[in-house]
Amino acid sequence: QVQLVESGGGLVQAGGSLRLSCAASGSIVSIDAMGWYRQAPGKQRELVAFISSGGSTVYADSVKGRFTISRDNAKNTVYLGMNSLKPEDTAVYYCKAASVRLVFNTYHDYWGQGTQVTVSS
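So, a few notes on the structure that sits alongside this text. Every value quoted in this text rests on a predicted model; they were computed, and no experiment measured them.

1. As for the pattern of salt bridges
As enumerated under the stated definition, the model contains five salt bridges in all. Across the pair R38 and D89 runs a salt bridge, and its minimum N-O distance is 3.0 Å. With a gap of 51 residues between them, R38 in strand β4 (residues 28–39) and D89 in the loop between β8 (77–82) and β9 (91–102) connect regions that are remote in the sequence. Like D89, R38 is buried. The shortest N-O distance in the salt bridge between K96 and D109 comes to 3.9 Å. Of this pair, K96 sits in strand β9 while D109 sits in strand β10 (residues 107–111), and the two are 13 residues apart along the sequence. What makes K96 buried here is its relative accessible area of 15%. Among the charged side chains, a network of salt bridges with common partners joins R38, E46, R66 and D89.

And the structure:
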């Protein structure tokens, strides 16, 4: 079994910064891509940023230039640095690990439980 544990959410004023972390643990051989989605009240879950095992990144237009995604492959951990936060960034942020290769050569996607980020104006 694989678990994703997120941390780093909280309450911050507009213009402030936060750093989210997500660590994957379990019978993991490798993880193809890791990233973050978010879901605000009454809205659909949306992609924030993703990073491949080789370091290629994808960002939502709304966060480009403000958020930075990185990962530590040895620790199966992904980070999201968030600067210049805006009230519209308020959401539950979910970590996702995609195409996780397990010890029996099976592949699965996994989600974290979510962490709340609230940006006050």
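2. What about the pairing of β10?
The pairing of β9 with β10 spans four bridges and is antiparallel. Residue pairing across strands places K96 opposite W111, the latter belonging to β10. Turn length for the β9-β10 hairpin, with the two strands adjacent in sequence and antiparallel, is four residues, and the turn residue N105 shows positive phi of about 60°.

3. Things to note about the packing of aromatic side chains
Overall, the coordinates contain two aromatic pairs when judged by the stated rule. Look at Y37 and F50: their rings are 6.0 Å apart centre to centre, the planes differ by 80°, and that puts the pair in the edge-to-face class. Of this pair, Y37 sits in strand β4 while F50 sits in strand β5 (residues 46–52), placing them 13 residues apart in sequence. Take Y37 and F50: they sit in the same class, and that class is buried. Pairwise contacts between aromatic rings join Y37, F50 and W111 into one cluster. Between the NZ or CZ atom of R45 and the centre of the ring of Y94, over which it lies, the distance is 3.7 Å.

4. Quick word on the state of the cysteines
Throughout the structure, instances matching the rule amount to one disulfide. Each disulfide pairs two cysteine sulfurs, and for C22 the partner residue is C95, the sulfurs being separated by 2.1 Å. Looking down the S-S bond of the C22 and C95 bridge, the torsion is -80°, so its handedness is left-handed. Taken together, the residues span a long stretch of sequence, with C22 in strand β3 (residues 18–26) and C95 in strand β9 at a distance of 73 residues. Its relative accessible area of 0% is what places C95 among the buried residues.

5. Digging into the environment of V12
Within the element layout of this structure, V12 appears in strand β2 (residues 10–13). A residue is classified by how much of its surface remains accessible, and V12, at 12% relative accessible area, is buried. Expressed as a C-alpha distance, the spacing of V12 and T118, which sit 106 residues apart in the sequence, is 6.3 Å. When residues no more than four places from it in sequence are discounted, the contact partners of V12 are S17, L18, L85, T118, V119 and S120.

Definitions and limits used
- Residues numbered from 1 in each chain as written.
- Predicted model: local features only at pLDDT ≥ 70, side-chain atom pairs only at ≥ 80, totals over all residues.
- Heavy atoms only, no water.
- Salt bridge = Lys/Arg side-chain N within 4 Å of Asp/Glu carboxyl O.
- Helix = DSSP H or I, 4+ residues; strand = E, 2+ residues; numbered from the N terminus.
- Buried < 20%, exposed > 50% of the residue type's maximum accessible area, 1.4 Å probe, protein only.
- Pairing = 2+ DSSP bridges.
- Phe/Tyr/Trp six-rings, centres within 6.5 Å; stacked < 30°, edge-to-face > 60°.
- Lys NZ or Arg CZ within 6 Å of the ring centre and 35° of its normal.
- Disulfide = S-S within 2.5 Å.
- Contact = heavy atoms within 4.5 Å.

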